[in-house]
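# Structure assessment
Below, each chain spelled out in residue letters.
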Amino acid sequence: MLDPNTIAKEAIEEAEKAESSRALYEVKMKYLGRGGTVTSLLKNMREVPPEERPAFGKAVNFLRDTLEAHFASLEEKLKEKETLQKLAEERIDVTLPGKKRDMGAIHPVTRVKNELVDLFMGLGFEVFDGPEIESEYYNFTALNTPADHPARDMQDTFYITNEFLLRTQTSAGQIRVMESKKPPIKIVSPGRTFRSDDDATHSPMFHQMEGLVVDKGITLCDLYGTLEEFARTMFSPSVKTRLRPSYFPFTEPSVEVDISCFACGGKGCSLCKGTGWIEVLGAGMVNRRVLENCGIDPDEYTGFAFGIGLERIAMLKYGVNNIKLFTENDVRFLKQFRD
Ligand code: PHE
């Protein structure tokens, strides 16, 4: 059997020759690993005469501790040397141009929607999300537009079945809200709407944002004040708002809302077609029949509603002259909306 002192000498010599931490590790395993020399000395204890065993055991343990300490200090030195070597070899050239990634932009219609949601939430409105596939009842009948009503022709509807259709207006959501909630109600409802209509300012798919307020004592003045706030925030603080009589089956009275032209200040230009005013949305006081359809007593409660076309607002705000630009996904168009 090998003598511990001889092993110690050999192991230390070998370890000192190791030029890398990897090589040192191999030496360490050879002596102190599972099947290593020192470990097998302990395993072979049986061969040592019983009276010598305590002294032998002590010597082997001492050998193991000594080697472990020695290996650890060598390892530290080697690792330090290796780190310095690595630092010297690997260099970063900070003058190289970086990799550029194209940044995305928020779509102008989404941007308008976000701005409006912010504005109306600031005024205490909640956001309601209605379905895009609607029944005839919600899109028309409950909104005081029965089947034979001429106002159905105002909108060219995409029917899916006799009963179901792609909603032509977010107004359908008004009914859903009033059916499920008691006044006070104060919601906006943005979303996609569909009409069989197609030219430079109309697209078969477009976006609207509905607004609905129902409570005791709501008047046209409340509607007017809300829309003034909308016009000033979205366009310019100096913009004026005017209401013109109009017709929608679900509001009475109904109004068309114009703002003074923010491009020419009302003098008349190509944007406002010389009139000084730009039409921005439809609105009105909720028709008492609509309240009744939803189980709300029209003698106790009144309300106003409005519907904003988001593409229309985006076109006006950003000077876009064709609605198709919003859906063509041309990066040259979209990247103009980067922050
Ligand atoms: N839904 C109407 C439209 O799409 C707009 C509107 C909404 C009018 C709410 C009055 C009240 O033309």
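Just so it is clear, the structure is predicted and the values come from calculations on it, not from any experiment.

Procedures and definitions
Residues numbered from 1 in each chain as written. Predicted model: local features only at pLDDT ≥ 70, side-chain atom pairs only at ≥ 80, totals over all residues. Heavy atoms only, no water. Helix = DSSP H or I, 4+ residues; strand = E, 2+ residues; numbered from the N terminus. Rg over C-alpha atoms; globule rule 2.2 N^0.38 Å. Buried < 20%, exposed > 50% of the residue type's maximum accessible area, 1.4 Å probe, protein only. Contact = heavy atoms within 4.5 Å. Salt bridge = Lys/Arg side-chain N within 4 Å of Asp/Glu carboxyl O. Pairing = 2+ DSSP bridges. Axes fitted to C-alpha atoms, helices over the stretch in contact; angles between N-to-C directions. Patch = residues over 30% accessible without salt bridge, like charges linked within 9 Å, V, L, I, M, F, W, Y side chains within 5 Å. Areas by Shrake-Rupley, 256 points an atom, 1.4 Å probe, with all protein chains shown as cover. Lys, Arg positive; Asp, Glu negative; His and termini not counted. Charge placed at Lys NZ, Arg CZ, Asp CG, Glu CD. Domains from an automatic or database assignment. Near = heavy atom within 4 Å. Polar contact = N/O pair within 3.5 Å; in protein donor to acceptor, adjacent residues only side chain to side chain. Nonpolar A, V, L, I, M, F, W, Y, C, P; charged D, E, K, R; others polar. Expected span 1.5 Å × (residues − 1).

### A closer look at the overall build of the chain
Of the regular secondary structure elements, the chain holds 11 helices and 9 strands. Taking 20 Å as the expected radius of gyration for a compact globule of 339 residues, we find that the chain reaches 40 Å, considerably beyond that expectation. In terms of overall dimensions, the chain has C-alpha extents of about 115 × 50 × 40 Å along its principal axes. Classification of the 339 residues of the chain by burial places 41% in the buried group. For the chain, the proportion of contacts with a sequence separation of at least 24, taken over those separated by at least 6, is 66%.

### Some words on the pattern of salt bridges
Any two side chains of opposite charge can pair if their charged atoms end up close together. For the structure shown, the criterion picks out 16 salt bridges. Lys317 serves as the salt-bridge partner of Glu115, at 3.2 Å between the closest nitrogen and oxygen. Here Lys317 lies in helix α10 (residues 310-318) and Glu115 lies in helix α5 (residues 108-122), a separation of 202 residues in the sequence. You can call Glu115 partly exposed: its relative accessible area is 29%. Judged by relative accessible area, Lys317 falls into the partly exposed class, the value being 25%. A salt bridge links Arg232 to Glu228; the shortest N-O distance between them is 3.6 Å.

### Digging into the sheet that holds strand β4 (residues 185-194)
The 7 strands lie next to each other as β1-β4-β5-β9-β8-β7-β6, forming an open sheet whose pairing is mixed. The sheet is open, and its two edges are formed by β1 (126-127) and β6 (241-248), each paired on a single side. Looking at chain direction, strand β8 (residues 277-286) and strand β9 (residues 302-309) are connected through 5 bridges and run antiparallel. Among the inter-strand pairings, Ala283 is bridged to a residue of β9, identified as Phe306. α5 contacts β1, β4, β5 (205-215) and β9 of the sheet and is inclined by roughly 5° relative to β5.

### Considering a negative patch on the surface
On the surface, a cluster of negative charge is made up of Asp153, Asp156, Asp197 and Asp199. Tracing the chain through its elements places Asp199 in the loop between β4 and β5.

### Regarding the domain arrangement of the chain
For the chain, the domain assignment lists domain 1 (4-89) and domain 2 (109-337). Domain 1 and domain 2 are separated by 83 Å when their C-alpha centres are compared.

### Observations regarding the site of the ligand
With respect to spatial proximity, 14 residues lie near the ligand, and among them Gln169, Ser171, Arg195, Gln208 and Glu210 are the closest. Measuring from an oxygen atom of the ligand, one finds a side-chain N or O atom of Arg195 at 2.7 Å. Considered on its own, the ligand offers 320 Å² of accessible surface; in the complex 92% of this is hidden by protein. Secondary-structure elements contributing two or more residues to the shell around the ligand are β5, β8 and β9. Counting residues per element, the shell around the ligand draws most heavily on β9, which supplies 3 residues. Along the lines of polarity and charge, the residues of the shell around the ligand split into 5 nonpolar, 7 polar and 2 charged.

### A word on α5
Between its first and last C-alpha, α5 extends 21 Å over 15 residues, near the 21 Å set by a 1.5 Å rise per residue. Within α5, the full set of buried residues consists of Pro108, Val109, Arg111, Val112, Leu116, Val117, Leu119 and Phe120. Phi turns positive one or two residues past the end of α5, at Gly124, with a value near 95°.

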